[in-house]
Amino acid sequence: PPTPTDRVRLDPGAVAERGATETAEHLRQGAHSRVAHAKRFRVAQLEAFERMLRIHRADLLQALEDDLGKSQLESQVTELQMVQNEVEHARRHLDDWMRTRAVASPFALAPVSTTVTARPLGMVLVIAPWNYPVNLTLTPLVDAIAAGNTVLLKPSELAPATAALLERIIPQYLDHRTVAVVTGGPEVTTELLRHKFDHILYTGGERVGRIVYEAAAKQLTPVTLELGGKCPVLVADGDVMGIARRIAHGKFTNAGQTCVAPDYVLAVGSMGAKLAAAMPKVIREFYGADPRTSRDFGRIINAHHVRRLAGLLEEGHVTAGGIVNEAERYVAPTVLTQVVPEHSVMQEEIFGPILPILQVATVDDALRFIGDRPDPLAAYVFSERGGVVKAFEEGVRAGAVGVNATILHLAVPELPFGGVGASGIGAYHGKTGFDTFSQQRPTLSKSIRLDTLRMLYPPYGAAKSAV
Ligand code: NAD
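Residues numbered from 1 in each chain as written. Predicted model: local features only at pLDDT ≥ 70, side-chain atom pairs only at ≥ 80, totals over all residues.

Turning next to the environment of Pro120. The residue Pro120 is located in strand β2 (residues 113–120) in this model. It is 49 Å that separates the C-alpha atoms of Pro120 and Val360, two residues lying 240 residues apart in sequence. When near neighbours in sequence (up to four residues on either side) are disregarded, Pro120 contacts Ala36, His37, Ala147, Gly148, Asn149 and Ser438. (Helix = DSSP H or I, 4+ residues; strand = E, 2+ residues; numbered from the N terminus. Contact = placed C-beta atoms within 7 Å.)

Structure (structure tokens):
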């Protein structure tokens, strides 16, 4: 097998010409060779990855603008910087994560050595969505490389500029035996899913999540499913303008197309009316009188989703925004009041810049409302009362909880990122990501010279049975 000092092989031409099946077979050879296992190789790959991020920063920002109309600052903060943080974190902790750990063993087995080592799983498939097409494609890649795997990336066809860029630049920096990009739509993913992978990380909607899970089951392949859902916000008490800013920031970043964006608000008592009055002021503060002209407000991914979002505005009362321009893929930052649970906007994940505010009588009513619905990817509470926060933390099942803050938990590599129940299976980011793409392999080792196991061997005469 190749040594750790084996030169990184870059072969962009060869990779570009391969189809999905050939690429999967090619990477399987790479996995068999175990070239990706060595620590030096992993570090070299992570360093090359950082070079790629640095050199192609402007290209990545441009692709994100083309696909989603994101401002440079937003792309920098929510996409590039998060990937950069992940790779730095992985490099800093790799020694520690890879270190074999000794564990205690029962006295009866002594003398014995018992250890656990994180071993690479082998070949990993990452299926990425369009909403954060850089972050959600490259962050899993970092974790999988750190864990010593070969990785096949399938970016979303709905963010075509980013997909084409990643397909072009990745083979220029990362070893072609261990990392490859395959672009295309559902037909390509379907073809890939016929292959045996050692792990699949899928990010996207629930419908396709089920397809991926079923295909993986046929191959007995473990999965991480990063799905979505309706992330609730409980507003109980506190400074209303401050709350409105934190909710608006989480909601309107990327024009609401964020899996952990606040989906709807449950406001206790008079907080509903106060928040509804504060939101238009905050929207104006953030994006000016006409958000359409703001460089800081993004666009909807395609016309289909614009029409879907426009449909959600047909019920309830538009308190702010409500303007839709299909040709520009623009949906204004919108606040809806007089919404009831039966309205369409409360039946599906909104995934756009529309914020329904529902009023509830008590905190308990809000907890019941959330508990009666599928488990969300994140749940947020705004309150300065310890009892309310505790009741929320105890009473709500969600992939993550944010207290007086929305979406920020994603920026912390030490925090596992994943769902629970309907919002997903498994997690990644930081050490959790490294573990997701590793097997925790135990080893028990004992000297043959001194046989202390005689008591365990048959025949089990009366003396042994008495023990
Ligand atoms: P998408 O349409 O881009 O699909 C995701 C991937 O599935 C793509 O690579 C696509 O090619 C593939 N795909 C589509 N149809 C397929 C089929 N029939 N068979 C096989 N593969 C297929 O993304 P999406 O589903 O529109 O993403 C939005 C959803 O993702 C939202 O529900 C959102 O909440 C969720 N999401 C979750 C996270 C998370 O980290 N948990 C992050 C972002 C988005």
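This paragraph deals with the sheet that holds strand β1 (residues 101–102). Each strand in a sheet pairs with another by means of backbone hydrogen bonds, the pair being arranged parallel or else antiparallel. Across the sheet, which stays open at both edges, the three strands sit in the order β1-β2-β20 with antiparallel pairing between neighbours. Each end of this open sheet is capped by a strand with a single partner; those strands are β1 and β20 (438–445). (Pairing = 2+ DSSP bridges.)

For the rest of this paragraph, the subject is the nonpolar core. Ranked by size, the top nonpolar core spans 130 residues in total, and within it Val235, Val265 and Leu275 carry the most contacts. Per-element tally for this core: the top contributor is helix α11 (residues 271–287), with eight residues. Apart from the residues within four sequence positions on either side, Val265 is in contact with Val233, Val235, Ile247, Leu275, Leu355, Ile357 and Leu358. (Core = buried A, V, L, I, M, F, W, Y, C linked by C-beta atoms within 7 Å. Buried ≥ 20, exposed ≤ 12 C-beta atoms within 10 Å, placed from the backbone.)

Glancing now at the sheet that holds strand β3 (residues 123–127). Taken in spatial order, the six strands of this open sheet run β5-β4-β3-β6-β7-β18, and their pairing is mixed. The open sheet is flanked by β5 (179–181) and β18 (424–425), the only strands paired with a single partner. Both β3 and strand β4 (residues 150–154) contribute to a ladder of five bridges, which runs parallel. Each residue of the ladder has a partner; that of Val126, found in β4, is Leu153. Contacting β3 and β4, helix α8 (residues 186–193) runs over the sheet at an angle of about 155° to β4. (Axes fitted to C-alpha atoms, helices over the stretch in contact; angles between N-to-C directions.)

In short, the description is geometric, and any link to function would need to be established separately.
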